[in-house]
Amino acid sequence: MRLLMGTKSKWRLWLSAIFLLAVICELEAKIETTSTTKKPKLGRTTIKRQRVETDRAKIKPTAAAQTKTSLTQVVGRGLFKKVGETLSVQTGDTLSLRCRGKPVQWSVPPNVEEDEDEGRLMIIQQEKFSSLTLVNTTVADTGEYTCYPMYCEDKDCRRVYNKAVKVFIFFPDPRELFVPSSNHYEMIQLRRNWPAVLPCQVTSPEAKVTLHREFPPGEVPVDGTEISFNNRKGFTIHRPQLHHAGVMQCVALLGNLRQSSTKYILIYVNYPIAPPAPVIKASSSSVTVGDNLRVTCAAAGERDVLIEFNWEYPGQQIGRPLYTEETRIPVSGDASQLQFQSVLQVDEVRDVDQGTYTCTAQNLQGAKSVSTTVKVLPKAKAKKESRSDGRSQ
Ligand SMILES: *[C@@H]1O[C@H](CO)[C@@H](O)[C@H](O)[C@H]1NC(C)=O
């Protein structure tokens, strides 16, 4: 029973968050009609395919893997250039990379991976190196290209992660400053102490990028500490707070061109640090039939973190309707805290109300139950009557 109620109320906590989100979307859709840049759909999904990373720790470097892996760019016939951390290749041009080692494996940005069947990407393992060729490149090919040396035992090969070499490749296009997204909006959940990333990816390392809030409209200061920018990643909000919530957009400036990214809807979710720690107390541990009983369950919590209470009580089985009264009391001296309280009211106590009262307090981190027992004393005068009443129910 308790489990059932627990699940239900967790849903309710989530539903309220989703409702808020829906309201923001609605609002956004209205604002949208006046907004400008529409990006072409490239069929690029935001769900990145996760490569299976197996047993990193277990891999022992072999002689083959110990030869230093290195990446070079083929810039012409027989002309090679060692690549650094980043590289820019004009869109439309062919990207040609070589990775020394045998065998090696490549990982490419999701958009390129999806194109594997369309013949734009070609990977050929030669005697001493592997070559990667990507033709008809577009801005959407921007991202990280990694070459992993492989450790093989018979036909079972694994990547040697700590020997991987990677390069971030920009594909600048004079008309597209951001890698287009197929989504017009992207939801980003903000949680306290969890860095949040607005993944607006520029296609050119030269673009100057700023962060803008849609309402009230204005530029968001990027100081490098609270919020920082990296042209290979986007903006990071290091310690999200409630005031960061809202709709944000990246704006890139290059030459005479100024473009906006996809919109990011930042939702602040109050995640409590821990499950609540409720305390239960009955107005009296023994009550006389006909008197009133109040059982109080209280838990301290953070101001914006909802705590839900569920009750189990002896009269429940026979459907005795009790009611609860929930209050939130400010904690003096600490504005960030509240005392959440639920009071179960038992009017005109009957025999069936004797027993264990259990209160479960729940927030998004979990639930905790506490119990107390209450004894029902017969009325001094009508002792026998009251007992038979109780039994007949
Ligand atoms: C690359 O583009 C050219 C010209 O548009 C086209 O003819 C060719 O088929 C494309 N190649 C691939 C592999 O998509």
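Residues numbered from 1 in each chain as written. Predicted model: local features only at pLDDT ≥ 70, side-chain atom pairs only at ≥ 80, totals over all residues. Heavy atoms only, no water.

Engineer: In this structure, what is going on with the pattern of salt bridges? I would like to understand it.
Structural biologist: Pairs may arise between side chains of opposite charge once their charged atoms sit close together. In this structure the tally under the stated criterion is six salt bridges. Close ionic contact of Arg232 with Glu85 constitutes a salt bridge, the shortest N to O distance being 2.8 Å. Here Glu85 lies in the loop between strand S2 (79–82) and strand S3 (86–88) and Arg232 lies in the loop between strand S15 (227–230) and strand S16 (234–237), a separation of 147 residues in the sequence. We classify Arg232 as partly exposed; its relative accessible area is 33%. For Glu85, a relative accessible area of 56% gives the class exposed. (Salt bridge = Lys/Arg side-chain N within 4 Å of Asp/Glu carboxyl O. Helix = DSSP H or I, 4+ residues; strand = E, 2+ residues; numbered from the N terminus. Buried < 20%, exposed > 50% of the residue type's maximum accessible area, 1.4 Å probe, protein only.)

Engineer: Quick question: what am I supposed to make of the nonpolar core here?
Structural biologist: The nonpolar side chains of a soluble globular protein tend to be buried, and buried together. In terms of nonpolar packing, the biggest core is built from 24 residues, with Leu293, Val295, Phe309, Trp311, Leu344, Tyr357 and Cys359 touching the most fellow members. Those elements that provide at least two residues to this core are strand S19 (279–282), strand S21 (293–302), strand S22 (308–312), strand S24 (334–346), strand S25 (355–363) and strand S26 (366–377). Ignoring any residue separated from it by four or fewer positions in sequence, one finds Leu344 in contact with Leu293, Arg294, Val295, Trp311, Tyr313, Leu322, Tyr323, Thr324 and Tyr357. Listed in part, the 23 residues of the second largest apolar core include Phe170, Phe235, Leu266 and Tyr268. (Core = buried A, V, L, I, M, F, W, Y, C linked by side-chain atoms within 4.5 Å. Contact = heavy atoms within 4.5 Å.)

Engineer: I'm lost on the environment of Lys375 in this one. Help?
Structural biologist: Here Lys375 shows up in strand S26. In the structure, Lys375 is positioned 90 residues away from Ser285 in sequence and 6.1 Å away in space, judged by C-alpha atoms. Dropping the residues within four chain positions of it, Lys375 is found in contact with Ser285, Ser286, Val287 and Gln354.

Engineer: What should I look at first to understand the state of the cysteines in this one?
Structural biologist: A covalent bond bridging the sulfur atoms of two cysteines is what the word disulfide describes. Going through the model one piece at a time under the given rule, you end up with four disulfides. One disulfide bridge connects Cys152 with Cys157, the sulfur atoms lying 1.9 Å from each other. Across the S-S bond linking Cys152 and Cys157, the dihedral sits near 110°, which makes this disulfide right-handed. Overall, the relative accessible area of 34% leaves Cys157 in the partly exposed class. Cysteines bonded in the protein are numbered consecutively along the chain; their disulfide partners then correspond to 1-2, 3-4, 5-6, 7-8. (Disulfide = S-S within 2.5 Å.)

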